[in-house]
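Structural overview
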Amino acid sequence: CVRINVSRSTTTTDLLGSYIPIVRGGRRKFEFIEGTLLAALRQKESVWILIDEVNLASPELLDTLAPLFFGAKYLPVAATGEFVDIEGARVFATMNPAQIRGGRVKVVRSILSNFCVSALLVS
């Protein structure tokens, strides 16, 4: 299981990766470093991914994650131009109520409808 904790500052490059400058053998070049989500999806066996505090994600980040929620076969990675197979991935997401604030927002219905929602009631 891979746990990805989302905050208001989490970006697509955090999850998918980005090119960074490195020096190898005295030569400078850019190398793609995979993010947490992309590395988890590349595991050979089926992977379980827990996205914690999903309602802290920016709309841009939710758009990036949408293929995971909608049952797509591939996740596009814009930085590399590739499509990563996501068929074996199992995605779980958690969130606290938007009413407690802290940057949390109500998740749009088109995404929320792809989840089984359960709530814990405290008396």
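Every chain begins its residue count from 1, and numbering advances along the sequence as written. Whole-chain, interface and lining totals are the exception, using all residues; otherwise, since this is a predicted model, local features are given only for residues with pLDDT of at least 70 and side-chain atom pairs are given and counted only at 80 or more. As a rule here, side-chain values come from all non-hydrogen atoms in the structure, and water together with hydrogens is ignored.

1. Quick word on the pattern of salt bridges
Under the convention used in this document: Any Lys or Arg side-chain nitrogen found within 4 Å of a carboxyl oxygen on Asp or Glu counts as a salt bridge.
Taken as a whole and assessed by the stated rule, the structure comprises four salt bridges. In this structure, arginine 24 engages glutamate 31 in a salt bridge whose closest nitrogen and oxygen atoms are separated by 2.6 Å. The shortest N-O distance in the salt bridge between arginine 42 and glutamate 34 comes to 2.3 Å. When salt bridges that share partners are traced, they join Glu34, Arg42 and Glu82 into one network.

2. Brief notes about the nonpolar core
What counts is decided by this rule: Residue types Ala, Val, Leu, Ile, Met, Phe, Trp, Tyr and Cys, when buried and joined through side-chain atoms within 4.5 Å, form a set referred to as a nonpolar core. For every residue, the accessible area (1.4 Å probe, protein chains only) is compared with the maximum for its type, and the residue is labelled buried under 20%, exposed over 50%, or partly exposed between those bounds. Here a strand is any run of E in DSSP of at least two residues, a helix any run of H or I of at least four, and the numbering for each starts at the N terminus. Only heavy atoms enter the contact rule, under which two residues are in contact if any of them lie within 4.5 Å.
Counting residues in hydrophobic clusters, the biggest one holds 29 residues, and the most contacted among them are Leu37, Leu41, Ile49, Ile51, Leu65, Leu68 and Phe69. Taken together, the elements giving at least two residues each to this core come down to β1 (2-5), α1 (12-16), α2 (36-41), β4 (48-52), α3 (59-69) and β5 (74-77). Looking at which element gives the most residues to this core, the answer is α3, with five residues. The contacts of leucine 37, once residues within four sequence positions are left out, are Ile4, Leu15, Leu16, Ile49, Leu65, Leu68 and Leu75.

3. Overview of the pairing of strand β2 (residues 17-24)
Look at any regular strand and the pattern is simple: side chains alternate between the two faces of the sheet. Defined as follows: Think of it this way: DSSP has to see at least two bridges between two strands before they count as a pair.
Relative to strand β3 (residues 27-34), β2 is paired through eight bridges, and the arrangement is antiparallel. Paired with proline 21 across the strands is phenylalanine 30, a residue of β3. Here β2 hands over to β3 after two residues, with glycine 25 in that stretch at a positive phi of 60°.

4. Notes on the side chain of glutamate 53
Position of glutamate 53 among the secondary structure elements: in the loop between β4 and α3. Using a relative accessible area of 12% as the deciding quantity, one classes glutamate 53 as buried. Residues contacting glutamate 53, with those up to four places away along its chain left out, are Asn5, Val6, Thr94, Met95, Asn96 and Arg104.

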